[in-house]
Amino acid sequence: PKGRESTIYDMVYNGKLYPPKLVISIANRFANGNELNANDFQGGHGTPAHTLLEQAGFEIIAKNDPILELIESYKTIISETKLQDEVYKWKLIDQYRGRPNTEAADFYEEIKDIKFDNLIYAMAGGVIRDLAKDKPEETRELFIHLFDESINLTERVNEFNKNSLKIYRELGQTHGHHQDERTIATYLTFHNPEKYTFYKNTFYKKLCQLLHVKEDGKNQKYTHYLSLIDELIVKYIQLDNELIRFVKEFIPEYYSGTNHKLLVQD
């Protein structure tokens, strides 16, 4: 109703926003027979009305939440594009899930067979193929270590970056090896898309700005990025039934509505 819009806070339910005081007013009609007037009780942080909603399991957020605005914008875009510009990523994950296989008999052929498309720099793909061709067992060990979940992720990222450069230099190469966090994130995502997703530094920087959090340092950013998007999944994505329904309708062969890693990155 006019005049009952929220001013400072919203209640989140199924990815949509509702005025907390109006929700309490209408709920009282069902509980006690009369709908409360806006002047009958106080709203705002710390008031009994907000406490009641939070105790019932609802999330109360400040208005103009930039993440919710981002998600609503995303829904508008994909309702028009049907994800056709981005579906290639889902296809690649579906095709190369679990790879590279570190137990492949010919590790060079294993690496050469994987198409990373534009998810890594072209030169990064050329470097890893050269390493696998000239130093196949050393390169295999790089990936075995990278995929070892018993080791801290930041340590794995650092070691892959450092040791791949060492092997590259042993081949007499003096240029950059491009095995950076973006490239490493792609290797991890292909191998285990349930736990990892793609990464770009520009996305990470903008996300930190939206969330008002400090960026981490070199080779620590991907670990931080994953923690941020895991929080977004819990607080926003998995609660947004409309968003999940959209994506399931557009790419049902790739998205079941449960693994949100690539969705939140997109």
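Below is a summary of the structure that appears in this document. (Residues numbered from 1 in each chain as written. Predicted model: local features only at pLDDT ≥ 70, side-chain atom pairs only at ≥ 80, totals over all residues. Heavy atoms only, no water.)

1. Here's the deal with the environment of Cys 208
Next, step 1: Along the chain, Cys 208 falls in helix H10 (residues 201-211).
Next, step 2: A C-alpha to C-alpha distance of 27 Å links Cys 208 and Gly 176, two positions 32 residues apart in sequence.
Next, step 3: Among all residues touching Cys 208, those that are not within four sequence positions of it are Val 213, Lys 214, Glu 215, His 224 and Leu 228. (Helix = DSSP H or I, 4+ residues; strand = E, 2+ residues; numbered from the N terminus. Contact = heavy atoms within 4.5 Å.)

2. Some details on the nonpolar core
Next, step 1: Ranked by internal contacts, the top residues of the largest apolar core, which has 63 residues, are Phe 143 and Tyr 222.
Next, step 2: Tallying contributions element by element places helix H11 (residues 221-235) first for this core, with seven residues.
Next, step 3: Formed by seven residues, the second largest nonpolar core is a distinct cluster that contains Leu 36, Phe 41, Leu 53 and Ile 60. (Core = buried A, V, L, I, M, F, W, Y, C linked by side-chain atoms within 4.5 Å. Buried < 20%, exposed > 50% of the residue type's maximum accessible area, 1.4 Å probe, protein only.)

3. Things to note about the sheet that holds strand S1 (residues 9-13)
Next, step 1: The strand order S2-S1-S3 describes an open sheet built from three strands, whose pairing is antiparallel. Two strands close off the open sheet at either side, each with one partner strand: strand S2 (16-18) and strand S3 (59-62). The average angle at which neighbouring strand axes cross in this sheet is 45 degrees, direction not considered.
Next, step 2: Here three bridges tie S1 to S2, and the two strands are oriented antiparallel to one another. Counterpart to Val 12 in the pairing with S2 is Leu 17.
Next, step 3: Across the sheet, helix H1 (residues 20-32) lies against S1, S2 and S3, angled at about 60 degrees from S1, the strand it touches most. (Pairing = 2+ DSSP bridges. Axes fitted to C-alpha atoms, helices over the stretch in contact; angles between N-to-C directions.)

4. Description of unusual backbone geometry
Next, step 1: Of note, the bond from Arg 99 into Pro 100 is cis; its omega dihedral lies within 30 degrees of zero at 5 degrees.
Next, step 2: Along the polypeptide, Pro 100 turns up in the loop between helix H4 (87-96) and helix H5 (107-113).
Next, step 3: The residue Asn 14 is not glycine, and still its phi comes out positive at about 55 degrees.
Next, step 4: Looking at the secondary structure, you find Asn 14 in the loop between S1 and S2.
Next, step 5: Judged by its relative accessible area of 33%, Asn 14 falls in the partly exposed class.
Next, step 6: Phi at Asn 219 is positive, roughly 65 degrees, even though this residue is not glycine.
Next, step 7: By secondary structure assignment, the location of Asn 219 is in the loop between H10 and H11.

5. Some points on H11
Next, step 1: Compared with an ideal rise of 1.5 Å per residue, which puts 15 residues at 21 Å, H11 spans 21 Å between its outermost C-alpha atoms and is within 8% of the ideal.
Next, step 2: Turning to H11, its buried residues number three or more, namely Lys 221, Tyr 222, His 224, Tyr 225, Leu 226, Leu 228, Ile 229, Leu 232 and Ile 233.
Next, step 3: Looking at the buried residues of H11, the elements they touch are helix H3 (66-81), helix H8 (153-170), helix H9 (181-191), H10 and helix H13 (261-265). (Expected span 1.5 Å × (residues − 1).)

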